[in-house]
Amino acid sequence: MQPISLILLVHQEAGIIERAVADFHKKVISKIPGSEFIVSEDGSTDGTKDILLRIKEQYYLTLHMGDKRKGYTVAFKEALALATKDIIFFSDSDGQHDPNDFWKMYDLIGDYDMVIGWKKTRHDGLARLYLSKAFNAIISFGFSVPLHDSNCGFRLMKKEVVDFLLSENWHLRHCIGAELAIRAHRRGFRVTEVEVSHETRRFGTSRSLPVKKLPLIIVHILSGLFKLKRDNKKSLTHTDGNGRFWV
Ligand SMILES: Nc1nc2c(ncn2[C@@H]2O[C@H](COP(=O)(O)OP(=O)(O)OP(=O)(O)O)[C@@H](O)[C@H]2O)c(=O)[nH]1
Ligand SMILES: [Mg+2]
């Protein structure tokens, strides 16, 4: 078995983080010798930091912590840069995913470079479900990446893809998972999806789409997608140094 780097992103998860770490350790890390367990936390004020420091040695954690909240995308990029193994597994740490689903992905990584979770039966509010459907339709038609859940926070990637992604500038602060899928696909990496289970968030409140900020978030996503599309055109455009170009 090839060892993996398992990454959990954490912000304000005092109610669930110990259970989540124990679960991922028992069901994944302890079964693949030589693997590493990276936890990237920042800005928590609810006791999450103390819990992580207490369980660090018990679960052999590589802790990456910061006092100020960095936001999901920055935290994600920094955590990916810490991974040293050839296969990198990433999951949200809010207890909504089942670590056992990792094995479906691991079975596929010989044939694919990125395996993304598809929360087919999703436990989120109605508004979020519709927004997600619309978003994935845009990704599918606009970028020819026909995934049902392109932004899923549960995925397996080869280090080669991650190294490529880390070398690029990212635009979609609110949907970085989808952007990574698009960039990998565009570069010719093999991207696929696999159905995973999804539980209701039991601890803490849902934070990812605050109603008040929704209009701004949508504008930001659309402008990010536009930039991504433009990058795409640029990368498909060749120039000969004399101002002539072809596509
Ligand atoms: N390190 C770090 N982790 C974060 C940050 N924001 C969110 N996370 C973690 O990223 C994961 C996903 O964030 P969530 O807010 O749960 O996003 P979501 O799953 O789309 O939405 P809800 O579960 O409905 O809130 C969780 O495990 C969070 O703890 C951040 O700024 N820094
Ligand atoms: Mg969540």
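- You'll find the chain entered in an unreviewed UniProt entry as Glycosyltransferase 2-like domain-containing protein, with Candidatus Ryanbacteria bacterium RIFCSPHIGHO2_01_45_13 given as the organism.

1. A word on the state of the cysteines
Piece 1. Going through the model one piece at a time under the given rule, you end up with zero disulfides.
Piece 2. Between Cys 152, a free cysteine, and Cys 175, which holds the nearest cysteine sulfur, the sulfur-to-sulfur gap is 13 Å.
Piece 3. Looking at Cys 152, the relative accessible area reads 1%, which means it is buried.

2. Focus: the UniProt feature "domain: Glycosyltransferase 2-like" (unreviewed entry) in the chain
Piece 1. Under the present numbering, the feature "domain: Glycosyltransferase 2-like" (unreviewed entry) in UniProt falls on residues 5–162.
Piece 2. Secondary structure across residues 5–162 comprises 37% helix and 23% strand; the distance between its end C-alpha atoms is 12 Å.

3. Side note on the coordination of the magnesium ion (ligand 2)
Piece 1. Only Asp 94 (OD) and Gln 96 (OE1) from the protein reach the magnesium ion (ligand 2) as donors, at distances of 1.9 to 2.0 Å.
Piece 2. Gln 96 sits in the buried class, given a relative accessible area of 9%.

4. Quick word on the site of ligand 1
Piece 1. The environment of ligand 1 is formed by 20 residues, the closest being Glu 13, Arg 69, Arg 128, Arg 201 and Ser 206.
Piece 2. A distance of 3.1 Å separates an oxygen atom of ligand 1 from a polar atom in the backbone of Leu 9.
Piece 3. Here Ser 40 contributes a backbone N or O atom positioned 3.0 Å from a nitrogen atom of ligand 1.
Piece 4. The protein chains hide 93% of the 620 Å² of surface that ligand 1 would expose on its own.

5. Some thoughts on the packing of helix H5 (residues 126–143) against helix H7 (residues 176–186)
Piece 1. The contact between H5 and H7 brings their axes to 12 Å, and the two run at 15°. Taken together, the axes of H5 and H7 are roughly parallel relative to one another. In this structure, H5 meets H7 at a crossing whose hand is right-handed. Side by side, H5 and H7 meet where Phe 135, Ile 139 and Phe 143 of the first sit next to Ala 178, Ile 182, His 185 and Arg 186 of the second.

Conventions adopted
Just so you know, the residues in each chain are numbered from 1, in the order the chain's sequence is written. Here the convention is simple: chains get letters from A, ligands get numbers from 1, in the order in which they are written. The predicted origin of the model limits local features to residues at a pLDDT of at least 70 and limits the giving and counting of side-chain atom pairs to 80 or more, whereas totals for whole chains, interfaces and linings rest on all residues. Side-chain metrics rest on all non-hydrogen atoms present in the structure, leaving aside hydrogens and water. The disulfide definition used here is simple: a pair of cysteine sulfur atoms within 2.5 Å. For every residue, the accessible area (1.4 Å probe, protein chains only) is compared with the maximum for its type, and the residue is labelled buried under 20%, exposed over 50%, or partly exposed between those bounds. UniProt positions are given in the numbering used here, feature names are shortened, and annotations may be inferred rather than shown by experiment. For the purposes of this entry, the term helix denotes a DSSP run of H or I that reaches at least four residues, the term strand denotes a run of E that reaches at least two, and both are numbered from the N terminus. Metal donors: N, O and S atoms at distances within 2.8 Å, or within 3.2 Å for Na, K and Ca, with water omitted from the atom set so that some sites may seem incomplete. When at least one non-hydrogen atom of a residue lies within 4 Å of a molecule or strand, that residue is treated as near it. Side-chain atoms alone can form a polar contact between residues adjacent in sequence; in general such a contact is a pair of N or O atoms within 3.5 Å, and within protein one must be able to donate a hydrogen while the other accepts it. Using a 1.4 Å probe, accessible areas were evaluated by the Shrake-Rupley method; residue-level cover was limited to the displayed protein chains. Angles here are taken between N-to-C directions and fall from 0 to 180 degrees, while the axes themselves are lines fitted to C-alpha atoms, restricted in helices to the stretch in contact. Any angle that is under 35 degrees is reported as roughly parallel, and any over 145 degrees as roughly antiparallel; angles of 65 to 115 degrees are reported as roughly perpendicular and all others as oblique. By definition, any crossing whose near helix is turned counterclockwise from its far helix by less than a right angle is left-handed, and any crossing with a clockwise turn is right-handed. Should any heavy atoms of two residues lie within 4.5 Å, those residues are counted as being in contact.

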